[in-house]
Amino acid sequence: GCILPRVPAISLRTGTVLLLTRKINWCSMHKNCDQPRPITEIWLAKAPSYKGPYEIVGDQPVTNTSSAEDPGIWRDHRGNFHAIFHGPGHAWSADGLTWSYLPDTAGSDKSGQGGCYNGTLKHKNGSVEVLHDAERPKVWVNASTGLPELLFYSSGGSDQPTATDGAETSLV
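Residues numbered from 1 in each chain as written. Predicted model: local features only at pLDDT ≥ 70, side-chain atom pairs only at ≥ 80, totals over all residues. Heavy atoms only, no water.

(A) Representation of the environment of Arg 22 in the model. The residue Arg 22 is located in strand β3 (residues 17–24) in this model. Linking Arg 22 and Glu 41, residues 19 residues apart in sequence, is a C-alpha distance of 5.6 Å. Polar side-chain contacts of Arg 22 include one of 2.4 Å to the side chain of Glu 69. (Helix = DSSP H or I, 4+ residues; strand = E, 2+ residues; numbered from the N terminus. Polar contact = N/O pair within 3.5 Å; in protein donor to acceptor, adjacent residues only side chain to side chain.)

Now the structure itself:
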């Protein structure tokens, strides 16, 4: 596999850094594996500081047997860790090291049928646009309350993968 450098990270009070990173399974991508795995998986890595060295934690990906990418990670007001993915799904952890994961087959896609987030956009005039994809989800946490308040993601709109003019739309 290959570890890619898209690294949503959290720095702990001790200076330790936890990050989620995507690993591509090339044999699955090219269909030449004895035991195929998801094409992309999300793994936890940690380091004593942001400078590294980083090491993979555990022997299983955070996303279990589901294909996911573009992790967005945050810590809630109770100290629990959360992550959402373009994939889709939601993972959570009390200590940042041991994660539970729920694949979200009803969520962040063009169905708009719930899940941890979905690909619908309600405009000021009340009309609703169904987006074909919701890429790179990120959550903004209010520093005063510790509560997640905003979801950001990027989409090509209804002309996936990008709009006909080549522009991406970032949504709040």
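Structure's up, so let's keep going.
(B) Representation of the pattern of salt bridges. The tally for this structure, following the rule as stated, stands at 2 salt bridges. The partner of Arg 22 in a salt bridge is Glu 69, with the nearest N and O atoms 2.4 Å apart. Of this pair, Arg 22 sits in strand β3 while Glu 69 sits in strand β6 (residues 69–75); the two residues are 47 residues apart in sequence, bridging distant segments of the chain. Under the relative-accessibility criterion, Glu 69 is labelled buried at 19%. Asp 76 serves as the salt-bridge partner of Arg 78, at 3.5 Å between the closest nitrogen and oxygen. (Salt bridge = Lys/Arg side-chain N within 4 Å of Asp/Glu carboxyl O. Buried < 20%, exposed > 50% of the residue type's maximum accessible area, 1.4 Å probe, protein only.)

(C) Geometry of the side chain of His 82. In this structure, His 82 sits in strand β7 (residues 81–86). On the accessibility criterion, His 82 (14% relative accessible area) is buried. Looking at His 82, its side chain comes within polar contact range of the side chain of His 90, at 3.0 Å. Setting aside residues up to four positions removed in sequence, His 82 forms contacts with Gly 72, Ile 73, Trp 74, Asp 76, His 90, Ala 91, Trp 92 and Trp 99. (Contact = heavy atoms within 4.5 Å.)

(D) Region of the structure containing the packing of aromatic side chains. Evaluated as defined, the whole model comprises 2 aromatic pairs. Ring geometry for Phe 85 and Tyr 101: centres 5.7 Å apart, planes at 70°, overall edge-to-face. Of the two residues, Phe 85 is situated in strand β7 and Tyr 101 in strand β9 (residues 100–103); the sequence distance between them amounts to 16 residues. (Phe/Tyr/Trp six-rings, centres within 6.5 Å; stacked < 30°, edge-to-face > 60°.)

(E) Structural view of the pairing of β3. Of all the 8 residues making up β3, 7 are buried; the element is thus mostly covered by neighbouring parts of the structure. Pairing between strand β2 (residues 9–11) and β3: 3 bridges, direction antiparallel. Across the sheet, residue Ser 11 finds its bridge partner in β3, namely Val 17. What sits between β2 and β3 in their antiparallel hairpin is a turn of 5 residues, with Gly 15 showing a positive phi close to 100°. (Pairing = 2+ DSSP bridges.)

(F) Structural view of the nonpolar core. Of all hydrophobic cores here, the largest spans 15 residues; its most connected members are Leu 20, Leu 44, Val 62, Ala 83, Phe 85, Ala 91 and Trp 99. When contributions to this core are tallied by element, the ones reaching two or more residues are β3, β4 (40–47) and β7. Among the elements that make up this core, the one with the highest residue count is β7 (3 residues). Residues contacting Ala 91, with those up to four places away along its chain left out, are Val 62, Phe 81, His 82, Ala 83, Phe 85, Trp 99, Ser 100 and Tyr 101. The next biggest cluster of nonpolar side chains, apart from the first, holds 7 residues, and it includes Tyr 117, Ala 134, Val 139 and Tyr 153. (Core = buried A, V, L, I, M, F, W, Y, C linked by side-chain atoms within 4.5 Å.)

(G) Main features of the pairing of β9. In this sheet, β9 lies alongside strand β8 (residues 89–93) in antiparallel orientation, the contact comprising 4 bridges. Each residue of the ladder has a partner; that of Gly 89, found in β9, is Pro 103. The antiparallel hairpin formed by β8 and β9 contains 6 residues in its connecting segment, where Gly 96 sits at a positive phi of about 85°.

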